[in-house]
Amino acid sequence: MLTDTFGRMHTYLRISLTERCNLRCLYCMPEEGVDLTPNEDLMTTDEIMRLAELFAAAGVRKVRLTGGEPTLRRDLVELTAGIRALPGVQAVGLTTNGLTLSRKLAALHAAGLNLLNISVDTLRSDRFESMTRRRGHERVMGAIRHAVDLGYDPVKVNVVVMRGVNDDELCDFVELTRDAPLNVRFIEYMPFDGNVWSDSKMVPYAEMMAAVQQQYPQGLERCLDPRGEVAKNFRVPGFKGSVSFITSMTKAFCADCNRLRLMADGNLKVCLFGANEVSLRDAMREGASQDDLRAIISAAVDRKKAAHAGMFEIAKTRNRAMIKIGG
Ligand code: SAM
Ligand code: SF4
């Protein structure tokens, strides 16, 4: 059911839990905001669990909870524990902006959350305010420290790099990996509806790499990339943490893609950059059996294309705003 016509097995499911967010990042949330799906049209806890169970039985081994901002969802701890306990699921991850994470982190840890990505694009609080249109930088940095103290190793730190905005901080982020078990992940800026992307604002992988290497003459050593890993992973020799690059724009990794995305409104998306979606929520609410759901999912996976159309085509194509997809 989860193997497509190109032989790609989909073992990784990302579930967006909400479209709401307590930040307004420039590259994610359109300036005018987004129309929120009414609450009754969002998936309930039971619906999410029903689908998670079905995907796990079909071969999903890793589930990541995202959003919008997933910590805004009241059932986050319950969902984490429920999904982690499903037979077959080996890892549950969370991608969060960290703003209110500290309040829930101990409970999430106890619930079995084993992978944690915290997004922060700058180490300067004034810049944080201009990039997110909100305050709270110190709280996010505190959440990273809290996660390290709880033993998350590594704590992944997601950094979307934008030219003229935060591209002068690459080496400051690399410095964070000197003594702490952090994996700093530099992400190429991607185009989505409403985020006023332009290729001139995107800093390509090769350029980021050159900037980092200039500062660290000892060079970066390549780390082994696990299967299905979208990041190119490196380490400054002698540093405790590591540095990665997510090169969705300049070096697409479609051939190894193992991801499916379930959105808060119950739509399944087989490609981050593809507009094709199918509503599993509607199917469930119309009384679909497990077999019916499997058939719908299987047909969607079969329609997955070999690769996305390239960055300039993506920029012209209608898609959801990122806040409604979840990364
Ligand atoms: N609110 C959570 C957060 O910020 O981590 C989870 C949702 S957010 C959409 C997931 C990830 O997507 C974040 O790391 C964010 O930085 C990244 N992201 C959002 N818009 C992006 C864009 N246009 N290009 C690249 N990454 C983006
Ligand atoms: Fe919110 Fe995350 Fe999007 Fe920023 S990147 S607006 S924190 S969903």
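In this text the structure is predicted, and so the values were computed from the model without any measurement. (Residues numbered from 1 in each chain as written. Chains lettered and ligands numbered in written order. Predicted model: local features only at pLDDT ≥ 70, side-chain atom pairs only at ≥ 80, totals over all residues. Heavy atoms only, no water.)

Draft legend 1. Layout of the site of ligand 2. Around ligand 2, the surrounding shell consists of Cys-21, Leu-23, Cys-25, Tyr-27, Cys-28, Gly-68 and Asn-97. For the shell around ligand 2, the residue count by class is 5 nonpolar, 2 polar and no charged. (Near = heavy atom within 4 Å. Nonpolar A, V, L, I, M, F, W, Y, C, P; charged D, E, K, R; others polar.)

Draft legend 2. Looking closely at the pattern of salt bridges. For the coordinates displayed, the defined rule picks out 15 salt bridges. In this structure, the salt-bridge partner of Arg-8 is Asp-4, at a minimum N-O distance of 2.7 Å. Like Asp-4, Arg-8 is buried. The salt bridge partner of Glu-19 is Lys-324, with a shortest N-O separation of 3.9 Å. With Glu-19 in the loop between strand S1 (12-16) and helix H1 (45-57) and Lys-324 in the segment after helix H10 (311-316), this residue pair connects regions lying 305 residues apart in the sequence. Where salt bridges share partners, they join Arg-124, Arg-127, Asp-168 and Glu-169 into one cluster. (Salt bridge = Lys/Arg side-chain N within 4 Å of Asp/Glu carboxyl O. Buried < 20%, exposed > 50% of the residue type's maximum accessible area, 1.4 Å probe, protein only. Helix = DSSP H or I, 4+ residues; strand = E, 2+ residues; numbered from the N terminus.)

Draft legend 3. Focus on the packing of aromatic side chains. According to the stated counting rule, one finds 5 aromatic pairs in the structure shown. When the ring of Tyr-205 is compared with that of Phe-245, the centres are 5.2 Å apart and the planes differ by 55°; the resulting orientation is tilted. Taken together, the residues span a long stretch of sequence, with Tyr-205 in helix H7 (residues 205-215) and Phe-245 in strand S9 (residues 242-246) at a distance of 40 residues. What makes Phe-245 buried here is its relative accessible area of 0%. Plain terms: the ring middles of Tyr-216 and Phe-239 are 5.8 Å apart, the flat faces sit at 90° to each other, and that makes the pair edge-to-face. Linking Tyr-216 in the loop between H7 and strand S7 (221-222) with Phe-239 in the loop between strand S8 (231-235) and S9, this pair joins segments that are 23 residues apart in sequence. On the basis of relative accessible area, Tyr-216 is assigned to the buried category, the value being 5%. A connected cluster of aromatic rings, assembled from ring pairs, spans Phe-173, Phe-186, Tyr-205, Phe-234 and Phe-245. The aromatic ring of Tyr-12 is capped on one face by Lys-62, whose charged end is 4.3 Å from the ring centroid. The residue whose ring lies beneath Lys-232 is Tyr-205, and the NZ or CZ to ring-centre distance is 5.9 Å. (Phe/Tyr/Trp six-rings, centres within 6.5 Å; stacked < 30°, edge-to-face > 60°. Lys NZ or Arg CZ within 6 Å of the ring centre and 35° of its normal.)

Draft legend 4. A look at helix H4 (residues 125-132). Residues of H4 that are buried include every one of Arg-127, Phe-128, Met-131 and Thr-132, and no others. One face of H4 carries all of its buried residues, which in axial projection span an arc of 115°. Buried-residue contacts for H4 involve helix H5 (137-149). (Arc of directions from axis to C-beta. Contact = heavy atoms within 4.5 Å.)

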